[in-house]
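# Close look at the chain arrangement
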Amino acid sequence: MAARSVLRSVLSSFTGLKLGVSGSNVGVLQRINVPLVSALTVQSRGVRQVVEKQDGKTTTIEGHIQDLSAAAQPPNPEAKCPIYRWNLQHRYNYTDVLLLSQFIRSDGGMLPRRITGLCPEEHRKISICVQMAHRAGQSSTCSSYSPVGLLPDHKPKLPEGHVPKRMKQQLNRYLTRYAIDTVKPIYKRGLKWSKKRMPVGHPVLKDNVRYGFKPLYTKH
Amino acid sequence: MSSFSRSAQQWATFARSWFIIDARMQPPGKIATMCSVRLQGKHKPIYHALSDCGDHVVVINTKHIAFSGNKWEQKVYSSHTGYPGGFKQVTAAQLHQKDPKAIVKIAVYGMLPKNLHRRTMMQRLHIFPEDELPDDIRANLTEELPQPREIPKKLSDYTQEEIDAFPRLWTPPEDYRMK
């Protein structure tokens with residue numbers, strides 16, 4: 001026990017020393033390497049699935065090569081951002097849940113840009129669309145216990161048998177720009193030349209492809 | 001049609017039809033424009049303001065109406081009782097809680113022409129908060145109008161095959177956990 005703890009402390013001290021001594025070099029290398037790894041496909045001989053078999057005293061450990069041929073090649077492989085690689089720029093909205101669900105964590109938040117490889121503008125657009133998709137569909141004035149929004153509900157489950165004191169008001173909404181609790185009612189809307197508008201959608205999506213003639217109104 | 005007799009053709013032209021609109025997940029303003037057009041009779045080539053050619057419109061599921069943006073919190077409905085200190089302002093969410101039919105009713109009322117025909121047209125508008133309809137109204141219905149807004153699909157409504165058929169846009173690095 002004591003030996004193990006000593007060993008552990010020695011190992012940790014060693015790792016600390018290594019990082020401390022060559023910290024600057026390693027950091028520079030890491031900064032150069034990481035973007036290459038995440039954006040392009042890693043060159044490898046094939047992903048293998050490790051299978052262990054025990055035959056009495058002999059243990060066989062095999063690596064089965066999985067045929068991971070790309071399901072579909074992106075039409076524009078030279079681009080850096082995944083959205084530009086698939087030519088989806090200016091073509092997605094808060095309703096495209098299959099696209100948005102690829103960039104979210106299990107608890108509903110966005111994945112970091114250095115991992116997904118998105119360019120900053122597209123990352124911002126996607127995070128705004130994810131927020132709108134979470135708020136869209138059914139929602140309530142207080143925190144709800146029932147499934148909310150177009151994306152699956154990420155809230156932690158409450159203990160069973162929990163009865164809410166007040167019935168939550170179920171309100172449907174879509175294209176909500178701001179968080180529900182932060183918005184205040186517009187008591188004085190103003191005259192025609194100085195009206196306080198109610199914003200709908202987000203101006204970041206104004207360049208989306210429109211196949212009709214009607215313009216996109218963000219101020220209602 | 002040319003095969004109908006003249007009296008039948010005349011009867012069909014001037015008959016008052018009953019339309020039904022489902023307002024589930026629809027913006028109340030778009031529902032109200034469709035209602036007001038049909039209540040006035042402007043969808044008919046024989047329209048004239050004095051000829052009382054409006055039709056009946058039934059709106060169902062007004063409890064499940066959907067506002068775009070943050071209008072549930074921002075939109076304010078004001079009224080004055082006439083007495084001093086009687087200016088009341090309620091947000092759309094509060095009004096919807098009190099009366100789920102009010103938002104559509106106020107929207108249609110504001111879109112109809114501001115004359116004495118407005119009250120008769122409002123009498124021909126029938127709003128129901130849920131699916132249930134009285135049997136006599138259900139027997140009168142002639143046409144269902146298409147919904148103005150396409151309801152987006154939730155992720156839980158997609159089948160697993162559709163989710164798998166959608167290509168993965170990016171591959172995560174092997175050393176990244178916590179998705």
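The preceding data block contains the structure.
Residues numbered from 1 in each chain as written. Chains lettered and ligands numbered in written order. Predicted model: local features only at pLDDT ≥ 70, side-chain atom pairs only at ≥ 80, totals over all residues. Heavy atoms only, no water.

### So, the side chain of His202 of chain A
Relative to the assigned elements, His202 of chain A resides in the segment after strand E4 (170–174). In contact with His202 of chain A, other than residues within four places in its own chain, are Arg124, Ile128, Arg177 and Thr218 of chain A. (Helix = DSSP H or I, 4+ residues; strand = E, 2+ residues; numbered from the N terminus. Contact = heavy atoms within 4.5 Å.)

### A word on the state of the cysteines
The final tally for this structure, using the stated rule, is zero disulfides over all chains. In this structure Cys129 of chain A is not part of a disulfide, and its nearest cysteine sulfur, from Cys81 of chain A, lies 13 Å away. Note on Cys129 of chain A: relative accessible area 0%, which makes it buried. Not engaged in a disulfide, the cysteine Cys53 of chain B finds its nearest cysteine sulfur in Cys35 of chain B; these two sulfurs lie 16 Å apart. Among the residues examined, Cys53 of chain B registers a relative accessible area of 9% and is labelled buried. (Disulfide = S-S within 2.5 Å. Buried < 20%, exposed > 50% of the residue type's maximum accessible area, 1.4 Å probe, protein only.)

### Concerning the packing of helix H2 (residues 28–40) of chain B against helix H5 (residues 102–111) of chain B
Residues and elements named next belong to chain B. The contact between H2 and H5 brings their axes to 8 Å, and the two run at 50°. With respect to H5, the element H2 is oriented oblique. Note on packing geometry: the crossing formed by H2 with H5 is right-handed. Of the residues in H5, those touching H2 at Pro28, Gly29, Ala32, Thr33, Cys35, Ser36, Leu39 and Gln40 are Ile103, Val104, Ala107, Val108 and Met111. Looking at the contact of H2 with H5, its residues break down into nine nonpolar, four polar and no charged. (Axes fitted to C-alpha atoms, helices over the stretch in contact; angles between N-to-C directions. Parallel < 35°, antiparallel > 145°, perpendicular 65-115°, else oblique. Left-handed = near helix turned anticlockwise from the far one by under 90°. Nonpolar A, V, L, I, M, F, W, Y, C, P; charged D, E, K, R; others polar.)

### Remarks on the interface of chain A and chain B
At the interface, 47 residues of chain A touch 38 residues of chain B. For the pair chain A and chain B, the summed buried area comes to about 4,100 Å², and 62% of that belongs to carbon and sulfur atoms. The largest contributions to the chain A side of the interface with chain B come from Leu98, Gln102 and Tyr174 of chain A, which together make up 19% of the buried area. Here chain A is connected to chain B by one salt bridge. Residue Glu73 of chain B pairs with Arg173 of chain A through a salt bridge whose shortest N-O separation is 3.0 Å. Linking chain A with chain B are 17 residue pairs in polar contact (both at pLDDT 80 or more). (Buried area = accessible area lost by both parts, 1.4 Å probe. Salt bridge = Lys/Arg side-chain N within 4 Å of Asp/Glu carboxyl O. Polar contact = N/O pair within 3.5 Å; in protein donor to acceptor, adjacent residues only side chain to side chain.)

### Thoughts on the pattern of salt bridges
Note that side chains of opposite charge can pair when their charged atoms are close. Inspection of the entire model under this criterion finds ten salt bridges over all chains. Across the pair Asp207 of chain A and Lys206 of chain A runs a salt bridge, and its minimum N-O distance is 3.9 Å. Of the residues examined, Asp207 of chain A reaches a relative accessible area of 46% and is grouped as partly exposed. With its nearest N and O atoms 2.8 Å apart, the salt bridge here joins Arg124 of chain B to Asp52 of chain B. Of this pair, Arg124 of chain B sits in the loop between helix H6 (117–123) and strand E6 (125–127) while Asp52 of chain B sits in the loop between H2 and strand E2 (56–60), and the two are 72 residues apart along the sequence.

### Digging into the sheet that holds strand E7 (residues 143–144) of chain B
All names here are of chain B. A sheet is described by the order of its strands in space; here four strands give the open sequence E6-E2-E1-E7, paired in parallel fashion. This sheet does not close on itself; its edge strands, each paired only once, are E6 and E7. Of the pairings in the sheet, the one linking E2 to E6 comprises three bridges and is parallel in character. Of the residues in E6, the one forming a bridge with Val58 is His126. (Pairing = 2+ DSSP bridges.)

### So, the nonpolar core
Most often, soluble globular proteins keep nonpolar side chains buried together rather than apart. Residues Phe103, Ile126, Val130 and Leu151 of chain A are the most contacted members of the largest nonpolar core, which totals 33 residues. Among the elements of the structure, helix H4 (97–100) and helix H6 (120–135) of chain A are those that each provide at least two residues to this core. Examining the composition of this core, we find that six residues originate from one element, H6 of chain A, more than from any other. Among all residues touching Phe103 of chain A, those that are not within four sequence positions of it are Pro82, Gly109, Met110, Leu111, Thr116, Leu118 and Ile126 of chain A together with Leu169 and Trp170 of chain B. Grouped together as the second largest cluster of nonpolar side chains are 30 residues, Trp72, Ala102, Ile103 and Val108 of chain B included. (Core = buried A, V, L, I, M, F, W, Y, C linked by side-chain atoms within 4.5 Å.)

### Structural notes on the environment of Asn61 of chain B
Residue and element names in this part refer to chain B. For Asn61, the position within the fold is in the loop between E2 and strand E3 (66–68). Among the residues examined, Asn61 registers a relative accessible area of 2% and is labelled buried. Distance in space between the C-alpha atoms of Asn61 and His80 is 29 Å, their sequence separation being 19 residues. Non-local contacts of Asn61, meaning those with residues more than four positions away in its chain, are made with Asp22, Ala23, Arg24, Phe128, Pro129, Glu130 and Asp131. Within polar-contact distance, the side chain of Asn61 engages the side chain of Asp22 at 2.9 Å.

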